Amino acid sequence: MRLSRYFLPVLKETPADAQIASHRLMLRAGMIKQQAAGIYSWLPLGYKVLMNIARIVHEEQQRAGHIPLLMPTLQSADLWRESGRYDDYGEEMLRITDRHGRDMLYGPTNEEMVTDIFRSHVGSYKDLPLTLYHIQWKFRDEIRPRFGVMRGREFYMKDGYTFDLTREDALHAYNRHLVSYLRTYERMGLQAIPMRADGGPIGGDYTHEFLVLAETGESEVFYDSEITDLKFGDREIDYDNVEECQAVLEEFTSRYARTDETHDEAVFNEVPEERRRVARGIEVGQIFYFGTKYSESMGASVQDKDGNKVPVEMGSHGIGVSRLVGALIEANHDENGIIWPEGVTPFHCGIVNLKQGDAEADAACEDLYKALTAAGLEPLYDDRNERAGGKFATMDLIGLPWRITVGPRGLKNGVVELTSRRTGESEELAPEIAVSRIKEIYGV
Ligand code: P5A
């Protein structure tokens, strides 16, 4: 993409009403525009990151054997009357009446709808296990939407629903989600710690939240510091293997780690004092096992081997896709702007032409642009007639992990400059070496 043809409405001023770094930087970098309290347009740069996160989530879900589908945002109130949640959900639910006077709602989550799909089409234990998921917009009329996309009213969520014959199978589905979530967050360059939590309006008393530690996080958390040493890494896992998934769950949940909802001071005090941590975190996902809460009330049952009808065992599992954009920035920024991890960056690298209009500099930039594009990478070429300082400031603000700087002086010596956004370190290299370096970084 050539910056002269792109739509990148960066702001010069720091927005006064944005309280945390990620919100400020998303506004300044032209990633989002607020349309109403807690409701945002995703401008091209923000949309790219959102889609990159969604792609990683899709890939990891499907690696774990989960099946994508797409359910609508608007739902019929009748389904929610069946489960009893139409009344229970309260003011967070946005209720709508259509022209025929029918009660509708903008879905805050999809347990009822997916249970309806299940009961319409599945009747035998032979069709189990089954996990259906989608990534879809949700609406919760939060009393205090804040921090930009962190606590929105409209937000993008991956929600998956598991159907199993027995409690044991449903717990395996829970463990499988825990493992796949660890992989998903690590691929984005994030450490998200599973912590014992509370079921809230979804229900169930077996649930873990995934928290990214950050001072600006909304949740208070209590944990044993040893847990931050755990890495999932690039281990291969067989998602059908019950023992393997169980072992990962035990490894990642045996140390004390709880949100304030389930915190128990007496148990916490058993952790050696030097390892006790009280901190704040951003909840980027939550997994729930709730058994037959929805299947019983909504009549979703299957025939078991003996021909008996039994309510199906269920769980639901969520990832805050749009919240992750904010969480990633909270974890990766400095005073000059965002620093994207390679896994989610909107463009793989920037190309800065220090002297637009200089025949040699222009030609060298064009060659770099072509070579990177031919390798399947997406560079962002700043081809505007601007001062070098302004171009650097924009690149630093939008946070592309690598920048290639091209100028007449370097070209006389046959070199361009390759700079890491994270470390600030630069190297002078022949242009084709810079290209192969970038290709190597992205494994293409
Ligand atoms: C699990 C999937 C559920 O709704 N039902 C379907 C279950 N869980 S949850 O914990 O309530 O939400 C899942 C994740 O969505 C993100 N999230 C939000 N993101 C931005 N703004 C909000 N207002 C918001 N509310 C929830 C969180 O990351 C949460 O873990």
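Given the structure is predicted, the values throughout are model-derived calculations rather than measurements. (Residues numbered from 1 in each chain as written. Predicted model: local features only at pLDDT ≥ 70, side-chain atom pairs only at ≥ 80, totals over all residues. Heavy atoms only, no water.)

Participant: Help me out: how do you make sense of the overall build of the chain in this one?
Facilitator: Of regular secondary structure, the chain possesses 14 helices and 23 strands. Projected onto its principal axes, the C-alpha coordinates of the chain cover approximately 80 × 60 × 40 Å. The buried share of the chain, reckoned over its 444 residues, is 52%. Partitioning the intrachain contacts of the chain with sequence separation of at least 6 by distance along the chain shows that 71% fall at a separation of at least 24. (Helix = DSSP H or I, 4+ residues; strand = E, 2+ residues; numbered from the N terminus. Buried < 20%, exposed > 50% of the residue type's maximum accessible area, 1.4 Å probe, protein only. Contact = heavy atoms within 4.5 Å.)

Participant: What am I meant to see in the packing of aromatic side chains here?
Facilitator: By convention here, two paired aromatic rings are described through the distance between centres and the angle between planes. The tally for this structure, following the rule as stated, stands at 13 aromatic pairs. A ring pair is formed by Phe-222 and Phe-268, whose centres lie 5.9 Å apart and whose planes are at 85 degrees; its orientation type is edge-to-face. Taken as a pair, Phe-222 in strand 11 (residues 219-224) and Phe-268 in helix 8 (residues 265-268) lie far apart in primary sequence, 46 residues in all. The class of Phe-222 is buried, set by a relative accessible area of 9%. Ring plane angle 75 degrees and centroid distance 4.9 Å describe the contact between Phe-290 and Tyr-294, whose orientation is recorded as edge-to-face. Per residue, the accessibility class of Phe-290 equals that of Tyr-294, and both read buried. Chaining the aromatic ring pairs together yields one cluster made of Tyr-181, Tyr-185 and Phe-210. We note Arg-2 situated over the ring of Tyr-369; from NZ or CZ to the ring centre the distance is 4.6 Å. Over the aromatic face of Phe-347 sits the side chain of Lys-48, whose NZ or CZ is 4.6 Å from the ring centroid. (Phe/Tyr/Trp six-rings, centres within 6.5 Å; stacked < 30°, edge-to-face > 60°. Lys NZ or Arg CZ within 6 Å of the ring centre and 35° of its normal.)

Participant: How do you make sense of the sheet that holds strand 20 (residues 379-382) when you look at a structure like this?
Facilitator: The pairing of strands in a sheet comes from backbone hydrogen bonds and takes either a parallel or an antiparallel form. Within the open sheet, the 5 strands sit side by side as 20-19-21-22-23. Their pairing is mixed. The two strands at the open ends of the sheet, each matched to only one other strand, are strand 20 and strand 23 (426-429). Taken over all neighbouring pairs, the strand axes of this sheet differ in orientation by 20 degrees on average, direction set aside. With 4 bridges joining them, strand 19 (residues 349-353) and strand 21 (residues 402-406) adopt parallel strand pairing. Across the sheet, Ile-351 pairs through a bridge with Ile-404, a residue of strand 21. Its contacts with the sheet place helix 12 (residues 388-398) against strand 19, strand 20 and strand 21, and it is angled at close to 175 degrees to strand 19. (Pairing = 2+ DSSP bridges. Axes fitted to C-alpha atoms, helices over the stretch in contact; angles between N-to-C directions.)

Participant: It is not clear to me how the pattern of salt bridges should be interpreted in this structure. Could you clarify?
Facilitator: One side chain can pair with another of opposite charge once the charged atoms of both are near each other. If you walk through the whole model with that rule in mind, you get 28 salt bridges. One salt bridge in this structure joins Glu-59 and Arg-55, with 4.0 Å as the shortest N-O distance. Placement of the pair is Glu-59 and Arg-55 together in helix 2 (residues 44-63), with a separation of 4 residues, close to one helical turn. Since its relative accessible area comes to 35%, Glu-59 is described here as partly exposed. Taking the relative accessible area as the measure of exposure, Arg-55 reaches 36% and is therefore partly exposed. Asp-103 serves as the salt-bridge partner of Arg-81, at 2.6 Å between the closest nitrogen and oxygen. Residue Arg-81 is found in helix 3 (residues 77-83), and its partner Asp-103 is found in strand 6 (residues 103-106); the two are separated by 22 residues along the sequence. (Salt bridge = Lys/Arg side-chain N within 4 Å of Asp/Glu carboxyl O.)

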